[in-house]
Number of protein chains: 2
Amino acid sequence: MQVISSNSDVLFRILADPTRRLILDLLAERGPLSVGQLASEFPDLVASGISKHLMSLRAGGVVSATRRGRQQIYQLEPDVLAAGLTPWIAKYEQYWSAALERLRDLAQEGRVKDEQTSRKNVRRKRAK
Amino acid sequence: MQVISSNSDVLFRILADPTRRLILDLLAERGPLSVGQLASEFPDLVASGISKHLMSLRAGGVVSATRRGRQQIYQLEPDVLAAGLTPWIAKYEQYWSAALERLRDLAQEGRVKDEQTSRKNVRRKRAK
DNA sequence: CCCAAGTATTACCGTACAGTAATGTATTAC
DNA sequence: GTAATACATTACTGTACGGTAATACTTGGG
């Protein structure tokens, strides 16, 4: 029985569920969405289930909601997500860094995304 | 009922438990450790509980074990961890990057709090 | 005002899971 | 050999959690 429950604990529990991660992905990709729009992405799930997940996300602070008419528009709160997870991510950064750079390189040779030079040596793979 | 269970799903579930995250932290900080050494870090937990957590971690591939005498030495497998999580981390990288840089700067100008946080002296780059 | 749309909330169910205790297995010590 | 150490495994338990269905709440339209 865990008594204490740090901020980070809540976030990791939230992220443990694939549905909630997908909701976050959708909000990150498409911007603010209503409950109905989100729910339509989960055909094998009932609407109230999505609502419950949204409540969890909201309780964790990673999303916020505003009314628009009779619908509730949910929005990602990236700062809360970052604030809660960066300490952990930073702890293992030496392990991500290599893999992340490779991903960046892949994305770069495909098309020119935002000019985002890595802090390390930027091996400039032909910018198209 | 989730039928499919991607690699990433397993990792997020593993990380959902604070005890398991702490085990990973210990292995990352101190290197390979025996079950007893790990268990001694959890006074309010029975040894077999730790063993079960280690089995989960092992099943997920994030740690590996080798015998030495009668003790089992557990070791972090950073590549598996990185391979499973970097895709997700990369998706939200724009949100981490600023926070990570700030952490790096803090570690750099203050004293070094952790060997991992400052492993690379890098010049700060402006984050948008 | 009444009704429908869009969400939230509640009640309920089944299962997954963390925890303990007890037992089992391998290895070293005596 | 026997005993002890170090883990693993099994069995069991309580609870947290994801899911559904049903109900309640809020808002806009007629």
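Notes on the structure in this doc start here.

What about the nonpolar core?
Residues A:Leu27, B:Leu27 and B:Val63 are the most contacted members of the largest nonpolar core, which totals 46 residues. It is helix H6 (residues 93-109) of chain B that provides the largest number of residues to this core, a total of 5 residues.

Quick notes on the sheet that holds strand S2 (residues 63-68) of chain B
Residues and elements named next belong to chain B. Pairing is antiparallel in the open sheet, where 3 strands are placed in the order S1-S3-S2. Each edge of the sheet is formed by a strand with only one pairing partner; in this case those strands are strand S1 (33-34) and S2. Against the sheet, helix H2 (residues 18-30) touches S1, S2 and strand S3 (71-76), its axis set at about 85 degrees to S3. Strand contacts of helix H4 (residues 47-59): S2 and S3, with the helix running at about 120 degrees to S2, the strand carrying the most contacts.

Regarding the protein's contact with DNA strand C
Taken together, 26 residues form the shell around DNA strand C, and within it A:Ser34, A:Val35, A:Gly36, A:Ser48 and A:Gln71 come nearest. Breaking the surface near DNA strand C down by element, the ones donating at least two residues are helix H3 (35-39), helix H4 (47-60) and strand S3 (71-76) of chain A together with H4 of chain B. Looking at the surface near DNA strand C element by element, the count peaks at 6 residues for H4(A). Its residues assigned to classes, the surface near DNA strand C comprises 8 nonpolar, 11 polar and 7 charged.

So, the interface of chain A and chain B
Counting from both sides, the interface comprises 27 residues of chain A and, opposite them, 29 residues of chain B. Considering every element that reaches the side of chain A that touches chain B, the biggest residue donor is helix H5 (residues 78-91) of chain A, with 8 residues.

Notes on the packing of helix H1 (residues 7-15) of chain A against H5(A)
The axes of two packed helices give the description: the angle between them and the distance between them. Residue and element names in this part refer to chain A. Viewed as axis vectors pointing N to C, H1 and H5 meet at an angle of 95 degrees, and their least axial separation amounts to 9 Å. The angle between the axes of H1 and H5 places the two elements in the roughly perpendicular class. Between H1, through Asn-7, Ser-8 and Leu-11, and H5, the contact on the second element is made entirely by Gly-84, Leu-85, Pro-87 and Trp-88. Here the contact of H1 with H5 is built from residues that sort into 4 nonpolar, 3 polar and no charged.

Some points on the protein's contact with DNA strand D
If you check the shell around DNA strand D, you find 25 residues, and the closest are B:Ser34, B:Val35, B:Gly36, B:Ser48 and B:Gln71. Ranked by residues supplied to the surface near DNA strand D, first place goes to H4(B) with 5 residues.

Considering the sheet that holds strand S2 (residues 63-68) of chain A
Residues and elements named next belong to chain A. An order of S1-S3-S2 is seen for the 3 strands of this open sheet, with the pairing classed as antiparallel. Where the open sheet ends on each side, the last strands, each with one partner, are strand S1 (33-34) and S2. Contacts between helix H2 (residues 18-30) and the sheet are confined to S1, S2 and S3, with S3 contributing the most and set at about 85 degrees to the helix.

Remarks on the environment of B:Ala82
If you trace the backbone, B:Ala82 turns up in helix H5 (residues 78-91). Note on B:Ala82: 19 C-beta atoms within 10 Å, which makes it partly exposed. Taking C-alpha positions, B:Ala82 is 14 Å from B:Ile14, a pair spaced 68 residues apart along the chain. Leave out the neighbours within four places in its chain, and B:Ala82 touches A:Tyr95, A:Trp96 and A:Ala99.

A few points about H5(A)
An α-helical segment advances 3.6 residues per turn. Residues three or four places apart therefore align on the same side. Residue and element names in this part refer to chain A. The first and last C-alpha atoms of H5 sit 20 Å apart over 14 residues, in line with the 20 Å expected at 1.5 Å per residue. The sharpest bend along H5 measures roughly 45 degrees and falls at Leu-85, with the proline Pro-87 sitting one to four residues further on. Looking only at H5, the buried set comprises Leu-81, Gly-84, Leu-85, Thr-86 and Ala-90.

Cut-off values and rules
Residues numbered from 1 in each chain as written. Chains lettered and ligands numbered in written order. Predicted model: local features only at pLDDT ≥ 70, side-chain atom pairs only at ≥ 80, totals over all residues. Core = buried A, V, L, I, M, F, W, Y, C linked by C-beta atoms within 7 Å. Buried ≥ 20, exposed ≤ 12 C-beta atoms within 10 Å, placed from the backbone. Helix = DSSP H or I, 4+ residues; strand = E, 2+ residues; numbered from the N terminus. Pairing = 2+ DSSP bridges. Contact = placed C-beta atoms within 7 Å. Axes fitted to C-alpha atoms, helices over the stretch in contact; angles between N-to-C directions. Near = placed C-beta within 6 Å. Nonpolar A, V, L, I, M, F, W, Y, C, P; charged D, E, K, R; others polar. Parallel < 35°, antiparallel > 145°, perpendicular 65-115°, else oblique. Expected span 1.5 Å × (residues − 1). Bend = angle between axes of the 7 residues up to and from the residue.

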